[in-house]
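Listed below are the residues making up each chain.
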Protein chains: 2
Amino acid sequence: MPEFFKVVRIEEAQALLRSSFPSPRIEEVELGEALGRVLATDVVSRENIPSFPRSTVDGYAVRAQDTFGSSESMPGFLTYKGEILMGAEPDIAVETGECAWIPTGGMLPPGADAAVMVEYTERLGDDTVLINRPVGPGENVVRVGEDVRQGEVVCRGGHWLRPQDLGVLASLGIVRVSVFCREGVGIISSGDEILPIEEVPGPGQVRDVNSYSLKGAVLEAGGRPQLYGIIPDDAGRLREVLGKALHDNRLVLLSGGSSVGYRDLSLEILMSLPGAELLFHGIAARPGKPTMAVRVDDRLVVGLPGHPVACYMMFLLLCRPLLGAPDPVKVRAVMKSAVASQAGRDDYLRVSLRDESEGLVAAPVYGKSGLIKIMARADGYVHIPYEKQGIKAGEPVVVTLF
Amino acid sequence: MPEFFKVVRIEEAQALLRSSFPSPRIEEVELGEALGRVLATDVVSRENIPSFPRSTVDGYAVRAQDTFGSSESMPGFLTYKGEILMGAEPDIAVETGECAWIPTGGMLPPGADAAVMVEYTERLGDDTVLINRPVGPGENVVRVGEDVRQGEVVCRGGHWLRPQDLGVLASLGIVRVSVFCREGVGIISSGDEILPIEEVPGPGQVRDVNSYSLKGAVLEAGGRPQLYGIIPDDAGRLREVLGKALHDNRLVLLSGGSSVGYRDLSLEILMSLPGAELLFHGIAARPGKPTMAVRVDDRLVVGLPGHPVACYMMFLLLCRPLLGAPDPVKVRAVMKSAVASQAGRDDYLRVSLRDESEGLVAAPVYGKSGLIKIMARADGYVHIPYEKQGIKAGEPVVVTLF
């Protein structure tokens, strides 16, 4: 019975894929279209932000030293010089003993070095303002370049752009950004037993789960999924569809039956493609052992297990990082019950999380390989490293959130 | 000087918005297009999954009791009856003393109640299989309905569909799902001092940050952002654009200057719309005090602060939940340094997180109101409740991740 013949550890599989996958292409997009894209280069500010000294309060622009010693019982008296308008350069200067009304965001007039909040002032007729509390120089004011200095790196290349990052880049006048192209990812389901989801499985048949979970996972990782449907265990058809998928995409995911016969067939076909080079055939991991990868010139085919849970886990561990997706969120928790694991294999244990009085508690979501519900119920997974023989109840663990 | 006249606590603001916002509309979409959509109804399985007893291993289908007592030194002998094919109903029955080859995912033949992994067997000629290890009844087999029982609720209404959920629904043959419509959200920036991002701000001017961060935030929350540009402080123009935005969308976000004069203008215009009802005007929160909301018939206008940080925080706290977005992830951490807060106000303190030996440590990201960099540097925020007067260094806190 043929078995896996180039079994690697998960880190090695990840490194092989990374080094075999071509560098991402770069494109420019409008800032407003850049959510969830990955910056290709550092973004450097061409300006000081703010470019003028700005008040952070509604109140009066003053010389700070004119307010020293003022209090409610002994207010300072300043001469009112007029009003600073939003969005306009002040036509007033503030000299010793003077002040000017300034709105939040307004530009500090020449001479002033602080602002007093309106709550701590009182207007006395047309010409006088009472100051009930002192301010220090720079108080309630943002100085030129205090937010961002000219030449400062504001976002690093490789950063996944979040809504607030778009705001940051907008403030710098960055109209277009260089981002990595969304990588096209071909998705093929194969196996005689796989049915389209609208059909009712007969004995021995299952619906095509992986096309749907992989499509979603590719989208979420920032890729462009392209589905090639369900291909039966027919060498000719599979070779043809693989060729087409590899023509259209630099990464192709082939999820298929996990039976030995099937694996042999798909490996044979993959290796018969011109320029094919086997990267690995089997991973010392659970779930996910029957995972393989073949490099075809500058393109990659990853053969994922047919089991939905294993298929999804291996996508997350091996393929998602290739698409530039941000690292998943990890949280610390405590293991609810003991879990055995075999040394010499990386285990990825699906867990559900509960926030209990002593902190987050992770409970294993058990189920026989292939059980769908694990996918719906688990909040994340715990990695049990290669060398480790299990986790004790109450042991602290790191949970990677799905 | 006019001030806020209907100041509410944040919970009250949230409740007022929720009760004023119309129920979401429902539409049906193809499963393959449902990533990130919110289920409108519970999804119930119409079938047992699996619908047939399925092997989870490559090996031999057996009657478990025939394997009892077998070991490497004393293997059991079974008569080989043939091969179960993937995706087909077995044409073999397994009687006492017999076995059949079964691939992973294959249907257990009549008579068999377990499967022995190929690793623990040895083929002896054409007719005999040696069994080196016993299996219990049901071992390496998934029973009918063991994964999902007919009639079981698999996904609840209100659930945000993740990639793995699409897989789960695919397995049940759910071709289309009822989801809430993506809510259209109008976004208006207003203020004389706000410039399009491609322009260079003069004194007292700032670029339009909020259109970009709000567009991204609405997209991320599952809404359909629609931008109405930058409107100067002109009552006629603002009324016209607000009317158009409210015609097109059930939720309109108006972000604008935070000066008293501006706030008065926009409130006056909002209240002059036919059917307008003031929900609140001012929130006892920091940042975000100058936030207001007006209900206009069955639609809502939320007036957000002009400060980018306050604007974004208030969107997250008040508007995001209206769009059906999933609850943000919360993690426990320990506060790095003491932070003062005023009782009688909900504070939302932006923090950066560091994983140190004792666990996650949250450090406040300080900066004067309006500073952009806070948005780029913070990993999340800590809520300091209304009654609380601050956080001590070393105190445990909950951080809501951005």
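Residues numbered from 1 in each chain as written. Chains lettered and ligands numbered in written order. Predicted model: local features only at pLDDT ≥ 70, side-chain atom pairs only at ≥ 80, totals over all residues. Heavy atoms only, no water.

- Where an unreviewed UniProt entry is consulted, chain A appears under the name Molybdopterin molybdenumtransferase, with the organism given as Syntrophothermus lipocalidus.
- Within the UniProt record for chain A, the comment given under Function (unreviewed entry) is "Catalyzes the insertion of molybdate into adenylated molybdopterin with the concomitant release of AMP." (UniProt positions renumbered as here; feature names shortened; annotations may be inferred.)

1. Description of the overall build of chain A
Here comes step 1: If you tally the helices and strands in chain A, you get seven helices and 28 strands.
Here comes step 2: Taken over the C-alpha atoms alone, chain A extends approximately 95 × 50 × 40 Å along its principal axes.
Here comes step 3: Within chain A, residue pairs in contact and separated by at least 24 positions form 72% of the contacts whose partners lie at least 6 positions apart.
Here comes step 4: Roughly 16,400 Å² of accessible area belongs to chain A as shown, and the carbon and sulfur atoms make up 50% of that amount. (Helix = DSSP H or I, 4+ residues; strand = E, 2+ residues; numbered from the N terminus. Contact = heavy atoms within 4.5 Å. Areas by Shrake-Rupley, 256 points an atom, 1.4 Å probe, with all protein chains shown as cover.)

2. So, the interface of chain A and chain B
Here comes step 1: Facing the 87 residues of chain A at the interface are 86 residues of chain B.
Here comes step 2: For the chain A and chain B pair, buried surface summed over both sides reaches about 6,800 Å², with 60% attributable to carbon and sulfur atoms.
Here comes step 3: Counting every contact that joins chain A to chain B gives eight salt bridges.
Here comes step 4: Across the pair Lys 215 of chain B and Glu 33 of chain A runs a salt bridge whose closest N-O atoms are separated by 3.0 Å.
Here comes step 5: Where chain A meets chain B, there are 16 residue pairs in polar contact (both at pLDDT 80 or more).
Here comes step 6: Of all the secondary structure elements, the ones that give two or more residues to the side of chain A that touches chain B are β10 (141-142), α2 (163-171), β15 (206-207), α3 (209-220), α5 (260-271), β22 (330-335), β24 (346-356) and α7 (373-377) of chain A.
Here comes step 7: For the side of chain A that touches chain B, the per-class residue count stands at 40 nonpolar, 23 polar and 24 charged. (Buried area = accessible area lost by both parts, 1.4 Å probe. Salt bridge = Lys/Arg side-chain N within 4 Å of Asp/Glu carboxyl O. Polar contact = N/O pair within 3.5 Å; in protein donor to acceptor, adjacent residues only side chain to side chain. Nonpolar A, V, L, I, M, F, W, Y, C, P; charged D, E, K, R; others polar.)

3. A short note on the relation of the copies chain A and chain B
Here the second copy of the chain follows from the first by a rotation about an axis and a shift along it.
Here comes step 1: After a rotation of 180° and a shift along the axis of 0.0 Å, chain A superposes on chain B with an RMSD of 0.0 Å. The operation mapping one copy onto its partner corresponds to a two-fold rotation axis. Nearest to the rotation axis, the C-alpha of Val 331 of chain A is located 3.4 Å from it, this being the minimum over chain A.
Here comes step 2: The residues that chain A uses at the interface reappear at the interface of chain B in 99% of cases, marking a shared surface. (Least-squares fit on C-alpha atoms with pLDDT ≥ 70 in both.)

4. Let's talk about helix α3 (residues 210-220) of chain B
Here comes step 1: Burial of α3 of chain B is extensive: nine of the eleven residues sit out of reach of the surface.
Here comes step 2: Along α3 of chain B, the positions that sit buried rather than exposed are Asn 210, Ser 211, Tyr 212, Ser 213, Leu 214, Lys 215, Gly 216, Ala 217 and Val 218 of chain B. (Buried < 20%, exposed > 50% of the residue type's maximum accessible area, 1.4 Å probe, protein only.)

5. Some remarks on the domain arrangement of chain A
Here comes step 1: Domain annotation for chain A reports domain 1 (10-25 + 183-323), domain 2 (27-47 + 153-180), domain 3 (54-142) and domain 4 (330-401).
Here comes step 2: Of note, the centres of domain 2 of chain A and domain 4 of chain A, computed from C-alpha atoms alone, are 36 Å apart. (Domains from an automatic or database assignment.)

6. Focus: unusual backbone geometry
Residue and element names in this part refer to chain A.
Here comes step 1: Omega for the bond connecting Ile 49 with Pro 50 falls within 30 degrees of zero, at -10°, which places this linkage in the cis form.
Here comes step 2: Inspection of the secondary structure assignment puts Pro 50 in the loop between β2 (43-44) and β3 (54-55).
Here comes step 3: Despite not being glycine, Asn 140 shows a phi value in the positive range, around 60°.

7. Details of the pairing of strand β13 (residues 184-190) of chain B
Residue and element names in this part refer to chain B.
Here comes step 1: Most of β13 is tucked away: seven of the seven residues are buried.
Here comes step 2: Burial along β13 is two-sided: Gly 184, Gly 186, Ile 188 and Ser 190 and Val 185, Ile 187 and Ser 189, pointing in opposite directions, are all buried.
Here comes step 3: One ladder, built from six bridges, connects β13 with strand β16 (residues 224-231); its direction is parallel. By the bridge assignment for β16, Gly 184 is matched with Arg 224.
Here comes step 4: Across six bridges, β13 lies against strand β17 (residues 251-256) in parallel orientation. Bridge assignment links Ile 188 to a residue of β17, and that residue is Leu 254. (Pairing = 2+ DSSP bridges.)

8. Notes on helix α1 (residues 10-20) of chain A
Residues and elements named next belong to chain A.
Here comes step 1: Those residues of α1 not exposed but buried are Ile 10, Ala 13, Leu 17 and Ser 20. Down the axis of α1, the sector holding all buried residues measures 105°, keeping them to one side. For α1, the exposed residues set more than 90 degrees away from the buried face come down to Arg 18 and Ser 19.
Here comes step 2: The elements touched by buried residues of α1 are β18 (276-281), β19 (285-286), β20 (292-296), β21 (299-304), α6 (308-319) and β24. (Arc of directions from axis to C-beta.)

9. Looking at the sheet that holds strand β16 (residues 224-231) of chain A
Residues and elements named next belong to chain A.
Here comes step 1: With mixed pairing, the six strands of this open sheet are ordered in space as β16-β13-β17-β21-β20-β18. Lying at the two open borders of the sheet, with one neighbouring strand each, are β16 and β18. Averaged over all pairs of adjacent strands, the angle between strand axes in this sheet comes to 20°, irrespective of strand direction.
Here comes step 2: Across five bridges, the pairing between strand β17 (residues 251-256) and β21 is parallel. Following the sheet pairing, Ser 255 is matched in β21 by Leu 304.
Here comes step 3: Taken strand by strand, α3 contacts β13 (184-190), β16, β17 and β21, and its axis lies near 165° from that of β13. (Axes fitted to C-alpha atoms, helices over the stretch in contact; angles between N-to-C directions.)

10. Quick word on the packing of aromatic side chains
Residue and element names in this part refer to chain A.
Here comes step 1: Tallied over the full model, the rule gives ten aromatic pairs over all chains.
Here comes step 2: Between Tyr 312 and Phe 402 the ring centres are 5.9 Å apart and the planes differ by 55°, which places this aromatic pair in the tilted class. Of this pair, Tyr 312 sits in helix α6 while Phe 402 sits in the segment after β28 (396-401), placing them 90 residues apart in sequence.
Here comes step 3: The class for Phe 402 is partly exposed, based on a relative accessible area of 27%.
Here comes step 4: We note Arg 9 situated over the ring of Tyr 386; from NZ or CZ to the ring centre the distance is 3.7 Å.
Here comes step 5: A cation over an aromatic ring shows up here: Arg 133 above the ring of Tyr 120, its NZ or CZ 3.8 Å from the ring centre. (Phe/Tyr/Trp six-rings, centres within 6.5 Å; stacked < 30°, edge-to-face > 60°. Lys NZ or Arg CZ within 6 Å of the ring centre and 35° of its normal.)

11. Examining the packing of α3 of chain A against α6 of chain A
All names here are of chain A.
Here comes step 1: Interhelical geometry of α3 versus α6 gives an angle of 20° and a closest axis separation of 10 Å. Here α3 lies roughly parallel to α6, going by the angle between them. For α3 against α6, the interelement crossing comes out right-handed. The residues of α6 that touch α3, namely those facing Val 209, Asn 210, Ser 213, Leu 214, Ala 217 and Val 218, are Pro 308, Cys 311, Tyr 312 and Phe 315.
Here comes step 2: Tallied by class, the residues present in the contact of α3 with α6 amount to eight nonpolar, two polar and no charged. (Parallel < 35°, antiparallel > 145°, perpendicular 65-115°, else oblique. Left-handed = near helix turned anticlockwise from the far one by under 90°.)

12. With respect to the packing of helix α1 (residues 10-20) of chain B against helix α6 (residues 308-319) of chain B
All names here are of chain B.
Here comes step 1: Running from N to C, α1 and α6 cross one another at 60°; their axes reach a closest spacing of 9 Å. Between α1 and α6, the angle is such that the two are oblique. Residues Ile 10, Ala 13, Gln 14 and Leu 17 of α1 form the contact with α6, whose participating residues are Met 314, Leu 317 and Leu 318.
Here comes step 2: Class assignment of the residues belonging to the contact of α1 with α6 gives a composition of six nonpolar, one polar and no charged.

13. What to know about the environment of Val 185 of chain A
All names here are of chain A.
Here comes step 1: Within the fold, Val 185 resides in strand β13.
Here comes step 2: For Val 185, a relative accessible area of 0% translates into the label buried.
Here comes step 3: With 100 residues separating them along the chain, Val 185 and Ala 285 place their C-alpha atoms 24 Å apart.
Here comes step 4: Excluding its chain neighbours within four sequence positions, the residues that come into contact with Val 185 are Val 218, Arg 224, Pro 225, Gln 226, Asn 249, Leu 251, Leu 253 and Leu 323.

14. A word on the sheet that holds strand β8 (residues 121-124) of chain B
All names here are of chain B.
Here comes step 1: Taken in spatial order, the six strands make up an open sheet running β7-β4-β6-β5-β9-β8, and their pairing is mixed. Across the chains shown, the open sheet's two edge strands, defined by having one partner strand only, are β7 (114-117) and β8. For this sheet, the mean angle separating the axes of adjacent strands, direction not counted, is 40°.
Here comes step 2: Across four bridges, β8 lies against strand β9 (residues 128-131) in antiparallel orientation. What sits directly across from Thr 121, in β9, is Ile 131.

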